[in-house]
Amino acid sequence: MQVLYLLALNPIAETTGDRNSYGFRPERSTADAIEQCFNVLSHTYSAQWVLEGDIKACFDGISHMWLEAHILMDKSILNKWLKAGYIEKQVFYRTEEGTPQGGPISPVLANLTLDGLERELRSLYPGYRQSQKAKVNLIRFADDFVITGSSKELLEHEVKPLVEQFMRERGLTLSVEKTLITHIEDGFDFLGQHVRKYNGKLIIKPSKKSVKAFLEKVRKVVKEHQGTTAGHLILLLNPLIRGWARYHQHVVSKEIFQDVDSAIFEVVWQWARKRHNNKPRRWIKDKYFHDHEERHWVFTGVVIGRDGVLETVRLFRAAQTPIKRHVKIQGAANPFDPAWEVYFEKRLGVKMEGTLRGKRQLLALWKNQKGLCPQCHQRITKLTGWHNHHKVWRSKGGGDQLENRVLLHPTCHQQLHSQGDTEVEPCPEQGI
C-alpha cells in the first residue's frame, strides 16, 4: 500500500523539492551534492564560512501533526501508518512522532518535510544583489546539510535562527554537538569527503574518518577469514575496494588511493605470514604475490569458476580506479516531466559508457539493431554518436530495461522528441 501511494507522492516531491536537495531522490546522488559544494565554494569570490547542519533524530522526531496537515495524500491512511507502532523483542512500542522507518514511503515523507528550507533562505535575501552579497547557498542530502555564508556573524545570528525556526515547526531540532560554523580554510567533512581550501584553492578529498572506517572494515574481513583460501579472500575484498574507490573517484583521491592500497597490502601480507608462520618470506611471496601487467607483488589466488574450471583472481587496487569529474545534474531537472526526457536519456548514455555493464548493454542494443538507427536507417558509429531512447518514456512510466530502449542518432533523437513521438520504425531485416 505504501508503494502505491509512493507512486503518486514521488512526482509531487520532485516538483516541489528544493533544487539542491540530493538525498533519496531519483537520478540524484552524493556526487551531485559534492559537486555543488565545489561550485559554490571554489571561486575566489565564494563564501568563506560554512554552517554544518545535522538534525537530531530526524526520522524519529518529525511531528505527526505537521505531516498530516501538509502531506498531500489520504489523511486517514497516513494517520494509520504514523500511529501503527512497532514490535521489538515481542514488546509493542507506540509511535507518537516520527515517520515509519523501514517503509518504502519513509524517505519521501522526510524529504517533503525538509523541502522548503532553500526557499526560506532565498526569501531572507531576495534579489540578485542581496543574495550575491550574503552568498547563502544550501546543499542538503537527506538530514545532513551545509549552508554557506559571507561571514560567521551572518550564519550565527540570521541563518541559524531561521533554520531552527523552520525545524521547530516540524518538530525537529538541530544537534548541538554536530551543528558547527567553520571557516573554509579549516575545512569540514560532508558525505565522507573533506572540503577545504589550501592557499585559496579548494580541494575535496576522502575524509580521514572515511578512510579509517574503510580500512577497519577490510581488516575485519581479513581477520574473520584467516583460514580461507587466497582466492576466496580476494572475492570478498574486491567488491569492498572497488565500491569504496568508485564512491571517491570524483574528487582528489589518487594519492589517498595509493596510501589505501599500501595499507591493504600490509594487511594481506600479514594474513599470509600468519597463515604460514613456519615458511620463509620468499616462499610466501612466490605462493601469493605474482607479477601481472608490469605490476609486482600482486596478491593472487585461484577459485573455481562457473564452468567448474579454475580461474585466477587478483586483488583489485583502488589506484586502478580512474579519477573522473562528475557532471552535476541540473537543479530544475525533473524525471517525471516529459520536457526533461531527452536530458535524462543523455545522462543515461554517459553513465553506461562509464561502466563495463553499461558498455555491454550498448553493444547488445547496437547488435540487435544491426548497427542501424531505426529512425533514418543509417549506420551508428563513434563519429555519428548515439543517444538512448526509451520507447515508453520514463516520465510516463517506462523502465531502463533493454526491451524498452533503442539507440538513435542525436539529431534523430531530437527530431523524434520535438515531434512528441515515442514510436520508432523497426529496422529493416537486411543490416550492415
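Residues numbered from 1 in each chain as written. Predicted model: local features only at pLDDT ≥ 70, side-chain atom pairs only at ≥ 80, totals over all residues. Heavy atoms only, no water.

## What about the overall build of the protein?
- If you tally the helices and strands in the protein, you get 16 helices and 14 strands.
- Taking the principal axes of the C-alpha coordinates as reference, the protein spans close to 70 × 65 × 60 Å.
- Burial status across the protein gives 47% buried among its 432 residues.
- For the protein, contacts bridging at least 24 residues in sequence account for 65% of all contacts bridging at least 6. (Helix = DSSP H or I, 4+ residues; strand = E, 2+ residues; numbered from the N terminus. Buried < 20%, exposed > 50% of the residue type's maximum accessible area, 1.4 Å probe, protein only. Contact = heavy atoms within 4.5 Å.)

## As for the pattern of salt bridges
- On inspection of all chains with the given rule, the structure shows 10 salt bridges.
- Measuring nitrogen to oxygen at the nearest pair gives 3.5 Å for the salt bridge that ties E14 to R28. In this pair, E14 is assigned in helix α1 (residues 2-16) and R28 in the loop between α1 and α2 (30-41), connecting sequence segments 14 residues apart.
- Residue classification places R28 among the buried positions, given a relative accessible area of 7%.
- The shortest N-O distance in the salt bridge between D400 and R394 comes to 3.2 Å.
- For D400, a relative accessible area of 34% gives the class partly exposed.
- Using a relative accessible area of 17% as the deciding quantity, one classes R394 as buried.
- Here the salt bridges share partners, and the residues they tie into one network are E14, R25 and R28. (Salt bridge = Lys/Arg side-chain N within 4 Å of Asp/Glu carboxyl O.)

## Some thoughts on the sheet that holds strand β11 (residues 295-304)
- Taken in spatial order, the three strands of this open sheet run β10-β11-β12, and their pairing is antiparallel. The sheet is open, and its two edges are formed by β10 (289-292) and β12 (310-314), each paired on a single side. The mean angle between the axes of side-by-side strands here comes to 55°, regardless of whether they run parallel or antiparallel.
- Running at roughly 50° to β10, helix α13 (residues 281-288) makes contact with β10 and β11 of the sheet. (Pairing = 2+ DSSP bridges. Axes fitted to C-alpha atoms, helices over the stretch in contact; angles between N-to-C directions.)

## Examining the state of the cysteines
- Under the definition given, this model contains zero disulfides.
- The thiol of C373 is unpaired, and the distance to the nearest cysteine sulfur, on C412, comes to 3.9 Å.
- With no disulfide of its own, C412 has C376 as its nearest cysteine by sulfur position, at a separation of 3.7 Å.
- For C412, a relative accessible area of 7% corresponds to the buried category. (Disulfide = S-S within 2.5 Å.)

## Observations concerning the environment of H276
- Considering the arrangement of structural elements, one finds H276 in the loop between α12 (254-275) and α13.
- Classification of H276 as buried rests on a relative accessible area of 16%.
- Beyond its immediate sequence surroundings of up to four residues, H276 is in contact with W283, I284, K287 and Y288.

## Looking at the confidence of the model for the protein
- Scored by pLDDT, the protein has a mean of 89; 96% of the residues are at 70 or more.
- Taken together, the stretch residues 427-432 has pLDDT below 50 and engages in 17 contacts with residues farther than four places along the chain or on a different chain. (pLDDT = per-residue confidence, 0-100.)

## Remarks on the packing of helix α10 (residues 208-224) against helix α11 (residues 230-247)
- Between α10 and α11, the least distance of the axes is 10 Å, while the angle of their chain directions is 170°. Taken together, the axes of α10 and α11 lie roughly antiparallel to each other. Together, S210, V211, F214, K217, V218, V221 and V222 of α10 and L233, L236, L237, L240, I241 and W244 of α11 make up the contact between the two elements.
- Across the contact of α10 with α11, the residue classes tally to 11 nonpolar, one polar and one charged. (Parallel < 35°, antiparallel > 145°, perpendicular 65-115°, else oblique. Nonpolar A, V, L, I, M, F, W, Y, C, P; charged D, E, K, R; others polar.)

## Side note on a nonpolar patch on the surface
- On the surface, M1, V3, L4 and L7 cluster together into a nonpolar patch covering about 460 Å² of accessible area.
- Inspection of the secondary structure puts M1 in the segment before α1. (Patch = residues over 30% accessible without salt bridge, like charges linked within 9 Å, V, L, I, M, F, W, Y side chains within 5 Å. Areas by Shrake-Rupley, 256 points an atom, 1.4 Å probe, with all protein chains shown as cover.)

## Some remarks on α1
- Compared with the 21 Å implied by 1.5 Å per residue over 15 residues, the 20 Å span of α1 between its first and last C-alpha is a close match.
- The largest bend along α1 measures about 35° and falls at A8, with the proline P11 one to four residues further on.
- Listed in full, the buried residues belonging to α1 are Q2, L6, L9, N10, A13 and E14.
- Residues of α1 that are buried in the fold lie against α5 (75-82) and α6 (106-114). (Expected span 1.5 Å × (residues − 1). Bend = angle between axes of the 7 residues up to and from the residue.)

## Notes on the sheet that holds strand β7 (residues 188-190)
- Taken together, three strands build an open sheet; the order of strands is β7-β8-β9 and the sheet is antiparallel. Looking at which strands have only one partner, the edges of the open sheet turn out to be β7 and β9 (201-206). Here the strands of the sheet are splayed against their neighbours by 30° on average, with no regard to which way each runs.
- Inspection of the sheet shows β7 paired to strand β8 (residues 193-198) by three bridges, in the antiparallel sense. Along β8, the bridge assignment pairs F188 with V195.
- Strands in contact with α2 are β7, β8 and β9; relative to β9, the strand with the most contacts, it is inclined by about 165°.

## Topic: the packing of aromatic side chains
- With the rule as written, the count across this model stands at 16 aromatic pairs.
- For the pair F214 and W244, a centre-to-centre distance of 4.6 Å together with 10° between the ring planes defines the contact as stacked. Highlighted residues: F214 in helix α10 and W244 in helix α11, separated in sequence by 30 residues.
- Classification of F214 as buried rests on a relative accessible area of 6%.
- Residue class for W244 comes out buried when judged on its relative accessible area of 10%.
- Summarising the aromatic geometry, the rings of W269 and F289 are spaced 5.6 Å apart at their centres and angled 55° between planes, so their arrangement reads as tilted. Note that W269 is positioned in helix α12 and F289 in strand β10, a separation of 20 residues in sequence. Each member of the pair W269 and F289 is classed as buried.
- Here the aromatic residues F265, W269, W271, Y288, F289, W297 and F299 are joined through ring pairs into a cluster of three or more. (Phe/Tyr/Trp six-rings, centres within 6.5 Å; stacked < 30°, edge-to-face > 60°.)

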